[in-house]
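What follows is each chain in one-letter form.
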Amino acid sequence: MNRLRLVLLTVGGAGLAALLVAACLRLPDFGGRRHPYGDRAVHASLSRHTANTIASVNFDQRAYDTLGEMSILFAAVLGCVVLLRQAGDERRARPEPAEVARPVRRYALLVLPVALLTGLYVIAHGQLSPGGGFQGGVVAATALHLLYLGADYRALERVRPLGVYETTDSLAVAAYLVLGTAGVLAGTAFLANTLLPYGTFNTLSSGGTVPLLNAAIGMEVASAAVVLLAHFLDQAVEIEETTGERTEGAHER
Amino acid sequence: MSDALTVVVLVLVAAAATAAVAQRDPARQALVLSFLGVLLAALFTVLQAPDVGLSQLAVGSALTPLLIMLSVRKVRRRGRSKEGPE
């Protein structure tokens, strides 16, 4: 059995190595001047008044791929929520308010609004400058957790009603699908960027449906990251196992 | 000039990645990983892919180390509470 595995691994590995070497030999040179795909992508992006070509690729030319990525994130977070839920043999212990060193508190509370604003800015300007819904969403979601560093877990829980973020996550996914379906209803194709006027180049409202899809992704990623971190934090800070702690069972409630 | 910069950042990335693998304590590994995330973001920016650099900065240097630290804390707490009552 073990030998069979080893033979299988060797054959598979050799095949992969041969294919990779063959592919690498035909790659264009590093830093070359010919970019056939890039030229076409930039042309398509400019013709639809989207200043950031990457955003145009993500939310217009390859919007369907982004739908797949969004579904992966949604399913992954859903799986984590199910796995990390409070099981029958676990209980919640209220975390004690913790002492925070004053420089840490000052730094965290000072940086939090700046980081949050940066995240929102990156989401809003996704179609104009580097960044977009995904990057900005993660920044905004992690910025919120500076409150856990600067104050304590209960302060974070107070500004983070989990139900709202879970609902926002699902609503954002639905919004992306509805925007895609709107294209079908308007008589073109799913997620086709022909629905809205393309607007003035390099302004916030340019690019047709790109800013809307970008905003939907921003909402989805931000709330997905908050929900994910919330369940990890719950497990790390609040939830305790009760098995084998019979002596403590008496004053559990 | 830009080639030299690429080489320098590539070497730094390789060094940080090796350090992350060589470090055995998961909590410290998370810190090294966070540093590696910043270096990778710099590398992507040098290679003119600022969008990917931003993703790397947000996910690789903030979110992933945070998730690792929280998992480590949970595992350690669990070990302690199992030893405690017995």
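Structural data are supplied above this passage.
Note that this is a predicted model, so its numbers are computed, not measured.

**Considerations on the overall build of chain B**
- The number of helices and strands found in chain B is three helices and zero strands.
- For chain B, the succession of helices and strands along the chain, N to C, is α-α-α.
- Its C-alpha atoms give chain B a radius of gyration of 17 Å, clearly above 12 Å, the size a compact globule of 86 residues would have.
- Projecting the C-alpha coordinates of chain B onto the three principal axes gives extents of approximately 65 × 25 × 10 Å.
- With 86 residues in all, chain B has 23% of them scored as buried.
- Expressed as a percentage of contacts within chain B between residues at least 6 apart in sequence, the contacts between residues at least 24 apart total 47%.

**A few points about the nonpolar core**
All names here are of chain A.
- Counting residues in hydrophobic clusters, the biggest one holds 55 residues, and the most contacted among them are Leu 213, Ala 216 and Ala 225.
- Sort the elements by how many residues they give to this core and helix 10 (residues 210–238) lands first, with 20 residues.
- Filtering out sequence-adjacent residues up to four positions away, Ala 216 remains in contact with Ala 172, Ala 175, Tyr 176 and Leu 179.

**A few points about unusual backbone geometry**
All names here are of chain A.
- Of note in this structure, His 49 is not a glycine but carries a positive phi near 60 degrees.
- You will see that Asn 202, though not glycine, has its phi angle at about 65 degrees, which is positive.
- With respect to the secondary-structure elements, Asn 202 resides in the loop between helix 9 (162–185) and helix 10.
- Here Asn 202 falls in the partly exposed class, since 14 other C-beta atoms lie within 10 Å of it.

**Some points on the environment of Pro 28 of chain A**
All names here are of chain A.
- Following the sequence through the fold, Pro 28 ends up in the loop between helix 1 (2–25) and helix 2 (36–47).
- The class of Pro 28 is exposed, set by 10 C-beta atoms lying within 10 Å.
- Spatially, the C-alpha atoms of Pro 28 and Gly 180 are 35 Å apart, while their sequence positions differ by 152 residues.

**Examining helix 2 (residues 26–46) of chain B**
Residue and element names in this part refer to chain B.
- With 21 residues, helix 2 ought to run about 30 Å at 1.5 Å a step, and its terminal C-alpha atoms sit 30 Å apart, in line with that.
- Those residues of helix 2 that fall on the buried side of the exposure criterion are Gln 29, Ala 30, Leu 33, Ser 34, Leu 36, Gly 37, Leu 39, Leu 40, Ala 41 and Leu 43.
- Taken from the residues just after helix 2, Gln 48 is the one with a positive phi, measuring 65 degrees.

Parameters and conventions
- In this numbering scheme, every chain counts its residues from 1 along its sequence in written order.
- Chain letters start at A and ligand numbers start at 1, both assigned in the order the entries are written.
- Local features in this predicted model are restricted to residues whose pLDDT is 70 or higher, and side-chain atom pairs enter the listing and the counts only when it is 80 or higher, whereas totals over whole chains, interfaces and linings include all residues.
- By definition, any uninterrupted DSSP run of H or I lasting at least four residues is a helix, any uninterrupted run of E lasting at least two residues is a strand, and each is numbered from the N terminus.
- Only C-alpha atoms enter the radius of gyration; for comparison, a globular chain is expected to reach 2.2 Å times N to the power 0.38, where N is the number of residues.
- To sort residues by burial, count the other C-beta atoms lying within 10 Å of each one's C-beta; a count of 20 or more means buried, 12 or fewer means exposed, and anything in between means partly exposed. C-beta atoms are built from the backbone.
- Contact criterion: two residues are in contact if their C-beta atoms, reconstructed from the backbone, are within 7 Å.
- The nonpolar core criterion groups buried Ala, Val, Leu, Ile, Met, Phe, Trp, Tyr and Cys residues into a set whenever they are joined through C-beta atoms within 7 Å.
- Expected span, for any helix, means 1.5 Å times one less than how many residues it has.

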